[in-house]
Amino acid sequence: MTDLDTWTPTTFARNGEVELAYDRFGQGGDVPLLLMMGLAISRFWWPDGLCRAFADQGFDVVRYDQRDAGESTRFGTPRQRGPWSGLFAGEPAPYTAEDVVDDAAAVLDAVGMDRAVVLGHSLGGIAAQRFALRHPGRVLALVSCDAPPSDAEGYAALRYVRPGLLARMVTRRFPPGREGDVAASLAVAKSMASPANPCDETAARDRIERGLDRGPRDTRALGRQLRARWRGPALRDVAVPTLVLHGEDDPLIRTSAARAVARAVPGAKLVLLDGIGHDLPPACWTTVAQETRRLVGPRGQSRVA
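Sequence order sets the numbering: in each chain, residues are counted from 1 along the sequence as written. Confidence filtering applies because this is a predicted model: local features only for residues at pLDDT of at least 70, side-chain atom pairs given and counted only at 80 or more, and all residues used for totals across whole chains, interfaces and linings. Heavy atoms throughout the structure, all of them, feed into the side-chain values; hydrogens and water do not.

## With respect to the packing of helix H1 (residues 48–56) against helix H10 (residues 285–293)
Here an axis means a line fitted to C-alpha atoms, over the contact stretch when the element is a helix, while the angle between two N-to-C directions is reported on a 0 to 180 degree scale. Secondary structure elements are defined from DSSP: runs of H or I of at least 4 residues count as helices, runs of E of at least 2 residues count as strands, and each element is numbered from the N terminus. The N-to-C vectors of H1 and H10 enclose an angle of 35 degrees; their axes lie 9 Å apart at closest approach. As for how H1 packs across H10, the hand of that crossing is right-handed. Only Trp 285, Val 288, Ala 289 and Thr 292 of H10 make contact with H1, whose side of the interface consists of Gly 49, Leu 50, Ala 53 and Phe 54. Under the grouping applied here, Gly and all other residues not named as nonpolar or charged are polar, the nonpolar ones being Ala, Val, Leu, Ile, Met, Phe, Trp, Tyr, Cys and Pro and the charged ones Asp, Glu, Lys and Arg. Across the contact of H1 with H10, the residue classes break down as six nonpolar, two polar and no charged. The sense of a crossing depends on the near helix, which, turned anticlockwise from the far helix by less than a right angle, makes the crossing left-handed and, turned clockwise, makes it right-handed. Whether two residues are in contact is decided by their heavy atoms, any of which lying within 4.5 Å being enough.

## As for the pattern of salt bridges
Whenever a carboxyl oxygen of Asp or Glu lies within 4 Å of a side-chain nitrogen of Lys or Arg, that contact is scored as a salt bridge. Across all of its chains, the model carries 20 salt bridges by this definition. Residue Arg 214 is joined to Glu 71 by a salt bridge in which the shortest nitrogen-to-oxygen separation is 3.0 Å. Residue Arg 214 is located in helix H7 (residues 201–214), and its partner Glu 71 is located in the loop between strand S4 (59–64) and helix H2 (97–111); the two are separated by 143 residues in the primary sequence. Here Lys 269 and Glu 291 are joined by a salt bridge, their closest N and O atoms 2.9 Å apart. Linking Lys 269 in strand S8 (residues 269–273) with Glu 291 in helix H10, this pair joins segments that are 22 residues apart in sequence. Think of it in three bands: residues with accessible area under 20% of the maximum for their type are buried, residues over 50% are exposed, and the middle band is partly exposed, with areas taken using a 1.4 Å probe on protein chains only. We classify Lys 269 as partly exposed; its relative accessible area is 32%.

## Comments concerning the side chain of His 246
Mapped onto the secondary structure, His 246 falls in strand S7 (residues 242–247). For His 246, a relative accessible area of 0% corresponds to the buried category. Any pair of nitrogen or oxygen atoms within 3.5 Å is treated as a polar contact; in protein, a donor-acceptor pairing is required on top of that, and neighbouring residues in sequence qualify only through side-chain atoms on both sides. In this structure the side chain of His 246 is engaged in a polar contact, spanning 3.5 Å, whose partner is the backbone oxygen of Arg 254. With residues near it in sequence (within four places) discarded, His 246 still touches Asp 146, Ala 147, Ile 253, Arg 254, Thr 255, Ala 258, Val 271, Leu 272 and Leu 273.

## A few points about helix H6 (residues 178–192)
Counted at 1.5 Å a residue, the expected span for H6 with its 15 residues is 21 Å, and the 21 Å between its end C-alpha atoms agrees. H6 sits mainly inside the fold: eleven of its 15 residues count as buried. Those residues of H6 not exposed but buried are Gly 180, Asp 181, Val 182, Ala 184, Ser 185, Leu 186, Ala 187, Val 188, Ala 189, Ser 191 and Met 192. Between the first and last residue of a helix there are one fewer steps than residues, each counted as 1.5 Å, and that sum is the expected span.

Here is the structure:
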């Protein structure tokens, strides 16, 4: 293993009082790539193999923990119930979606990147869409993966969600303590996979345990992140090259969500990933990395795919 196959030590960016944990894969590429993970999940859920595929395509890969996840600043006392129990908490949101988006800009500042390809998965995809709207001058290209439209709210957003899986996860209970936390997160990872590409439980457990070693599991963070209101522009105002990726077998978010994003963003390219669920298994790594690379020119200059 070379230095280009490893992550740098954890470093922290600051957005006001918020600290944001990030690290960098190798640093050998010519095109900056910022990875934004989903709902209250640490950056360790990005598979190393996928990040290696990005590096092989010439990307300088940076991943970070969004606020209320991983090693970044938390906004509540961790409370573990079911893995989705925080979705329905009624307390007001302690921050806005604009705050969340500005965190990404703070990470780019800390790394010394003026612009980057911004790739978000699930709720991270929503944040990436909003970053392209709020900070267009800092975006080389946008990749939205397994995410609904960021300007859909309330019942309009719920139509993109498959309720069966969500209902099953809400009602599950796990014992307190570390093993219960691992079991709950592993249940989520397994449920998000496609039968065609089932969850690699060994790899998933490794990512889960790395995350738990760095920060507590907090089911209430789910609700805090989801209740962060967005008051910015709509998707039709995105003005950067855009790729929309979505697993055809996604058990959580319907493919109609990806189609809606692709319709809304002028010139966006839609790629449906055959046999892929709401996760990033090895079967899709090459396609995701290659399609992302096609958004940028040989020297990191944006172009339409």
